[in-house]
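Structure at a glance
Below are the chains, spelled out letter by letter.
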Amino acid sequence: MNKFLITALILLSFPLNVFALTDDFLVNEFLAGRIFDKPETYTEYDFTDIERVPIKLQVTREITTRDGEAQEGQIVELKARNNVYYNDKIIVKRGEPVTAKIELIVDSGMNGIPYYIYLNDFKFQNLESSKLFASYQKSGWNRTYWVLPLKWALTPLPPTGSLTNFIKGGHATISPNDIITVYYYPNWK
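Residues numbered from 1 in each chain as written. Predicted model: local features only at pLDDT ≥ 70, side-chain atom pairs only at ≥ 80, totals over all residues. Heavy atoms only, no water.

Observations regarding the overall build of the protein
- Scanning the protein from N- to C-terminus turns up 4 helices and 11 strands.
- Along the first, second and third principal axes, the C-alpha set of the protein runs to 75 × 55 × 35 Å.
- Considering the protein as a whole, with its 189 residues, one finds that 30% of them fall into the buried category.
- Of the contacts formed within the protein by residues at least 6 apart in sequence, a portion of 66% connects residues at least 24 apart.
- Carbon and sulfur atoms form 58% of the exposed surface of the protein, whose accessible area is close to 13800 Å².
- Averaged over its 20 positive side-chain charges, the protein has a centre that lies 8 Å from the centre of its 21 negative ones. (Helix = DSSP H or I, 4+ residues; strand = E, 2+ residues; numbered from the N terminus. Buried < 20%, exposed > 50% of the residue type's maximum accessible area, 1.4 Å probe, protein only. Contact = heavy atoms within 4.5 Å. Areas by Shrake-Rupley, 256 points an atom, 1.4 Å probe, with all protein chains shown as cover. Lys, Arg positive; Asp, Glu negative; His and termini not counted. Charge placed at Lys NZ, Arg CZ, Asp CG, Glu CD.)

Shown next, in the form of structure tokens:
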């Protein structure tokens, strides 16, 4: 029996290797006659420099996916939680207004998958956006961890296991108590 399985696996994997060596005519047709520029390389930048300054922010009012209040592209107002210093010089003052944009809202799904809110495009008054690494995400209550075991436990009872598919995840809410940390890289070019 073992010899039969080994022989079957070898015979089944043989065509995969043969087809991997052939040319892909769609790629060749797409690339025919096109000239691609080389991407710009930054030879003067020291990529080992990882010095960064954390900046802690908070939203000025609650943002939630409940009732469709939050929309993609919406501008969100934030403020700095405390003074931020770099080289004994203040770069962000406490309470300084900052704006961000709701980049994406992912709706909740079946089986307990929650809502997600993604904030991006943070704008400071005195800092260059190109020197920021700023992205924040918040999810709602993930009910998957109890829905899936419940689903499998109810599967022997014909319709009841499938009914758990309709349980959705929780709404995402960013409150003023949440700490949003973005990073400023002063040596980036």
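Moving on from the coordinates now.
Here we look at the sheet that holds strand 11 (residues 180-184)
- Sheet architecture is open: 7 strands sit in the order 8-11-1-3-6-7-9, paired in antiparallel fashion. Either end of the sheet is taken by a strand with one partner, and the two such strands are strand 8 (132-133) and strand 9 (136-139).
- Pairing analysis gives 3 bridges linking strand 1 (residues 53-59) to strand 3 (residues 75-80), with the strands arranged antiparallel. Following the sheet pairing, Val59 is matched in strand 3 by Leu78. (Pairing = 2+ DSSP bridges.)

Looking at the side chain of Asn111
- Turning to its location among the elements, Asn111 is positioned in the loop between strand 6 (97-106) and strand 7 (116-123).
- Judged by its relative accessible area of 19%, Asn111 falls in the buried class.
- Excluding residues within four positions of it along the chain, Asn111 makes contact with Arg143, Thr144, Val147, Leu148, Lys151, Thr164, Asn165 and Ile167.

Function-wise, these values are silent; they only describe arrangement.
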